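Coordinates in review
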Amino acid sequence: MIELIRTNDAVTISFIESLLRDAGIDYLVADQNMSIMEGSLGVLPRRVLVDAVEAETARRLLADAGVMDGGDAG
């Protein structure tokens, strides 16, 4: 899987999930449980991952929505 974005912003994660779900792109939000374990202070970022085959489509989708610049996450 390819990392699209890494962020502490729960609203951004939720928005990205909605975009990907509506586009029919399978995704995984990694590190959610780690974020909960640290007390939900937002210190540990969560990562949105997609299959390598869908990564370019997902990047374009997020760039069109203004969530990322369309380049590599990180």
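Residues numbered from 1 in each chain as written. Predicted model: local features only at pLDDT ≥ 70, side-chain atom pairs only at ≥ 80, totals over all residues. Heavy atoms only, no water.

1. What about the environment of Leu 28?
Where we set the bar: Strands are runs of DSSP state E lasting at least two residues, helices are runs of H or I lasting at least four, and both sets are numbered from the N terminus onward. Here's how the labels work: a residue is buried when its accessible area is under 20% of the maximum for its type, exposed when over 50%, partly exposed in between, all with a 1.4 Å probe on protein chains only. The criterion used for residue contact is that any of the two residues' heavy atoms lie within 4.5 Å.
Within the secondary structure layout, Leu 28 lies in strand S2 (residues 27–30). Among the residues examined, Leu 28 registers a relative accessible area of 41% and is labelled partly exposed. Distance from Leu 28 to Glu 17, taken between C-alpha atoms, is 8.9 Å for residues 11 residues apart in sequence. Leaving out residues up to four positions away in the same chain, Leu 28 has contacts with Met 1, Arg 47, Val 48 and Leu 49.

2. Examining the pairing of strand S3 (residues 46–50)
The line we're drawing: We call two strands paired when DSSP finds no fewer than two bridges between them.
With four of its five residues buried, S3 lies for the most part within the structure. By the bridge criterion, five bridges tie strand S1 (residues 2–7) to S3 in an arrangement that is antiparallel. If you follow Thr 7 over to S3, its bridge partner there is Arg 46. Looking at chain direction, S2 and S3 are connected through four bridges and run antiparallel. In the sheet register, Leu 28 faces S3, and the bridge partner there is Leu 49.

3. Describing the nonpolar core
Convention followed: Think of a nonpolar core as a cluster: buried Ala, Val, Leu, Ile, Met, Phe, Trp, Tyr and Cys residues, connected wherever their side-chain atoms sit within 4.5 Å.
Leu 4, Ile 16, Leu 20, Val 48, Val 50, Ala 58 and Leu 62 are the most contacted members of the largest nonpolar core, which has 14 residues in total. The biggest single contributor to this core is helix H1 (residues 10–22), with four residues. Those residues in contact with Ile 16, other than ones at most four positions away along the chain, are Ile 5, Val 48, Leu 62 and Val 67.

4. Looking at the sheet that holds S1
Note: strands within a sheet are paired through backbone hydrogen bonds, in either parallel or antiparallel orientation. Put simply, the rule is: Between the N-to-C directions of two axes lies an angle of 0 to 180 degrees, each axis being a line fitted to C-alpha atoms and, for a helix, fitted only over the stretch in contact.
Strand order in the open sheet formed by three strands is S1-S3-S2, and the pairing between neighbours is antiparallel. Only two strands of the sheet have a single neighbouring strand rather than two, namely S1 and S2. Averaged over all pairs of adjacent strands, the angle between strand axes in this sheet comes to 20°, irrespective of strand direction. Its contacts with the sheet put H1 on S1, S2 and S3, and the angle it makes with S3 is roughly 15°. On the sheet, helix H3 (residues 55–64) packs against S1 and S3 and is oriented at approximately 30° with respect to S1.

5. Overview of H3
The following threshold applies: In this context, the arc is that of the directions from the helix axis out to the C-beta atoms.
Considered for burial, the residues of H3 that qualify are Ala 55, Ala 58, Arg 59 and Leu 62. Looking straight down H3, one finds that the buried residues subtend no more than 100° of arc, so they occupy a single side. Here the buried face of H3 lies against S1, H1 and S3. One or two steps after H3, the chain reaches Gly 66, where phi turns positive at roughly 80°.

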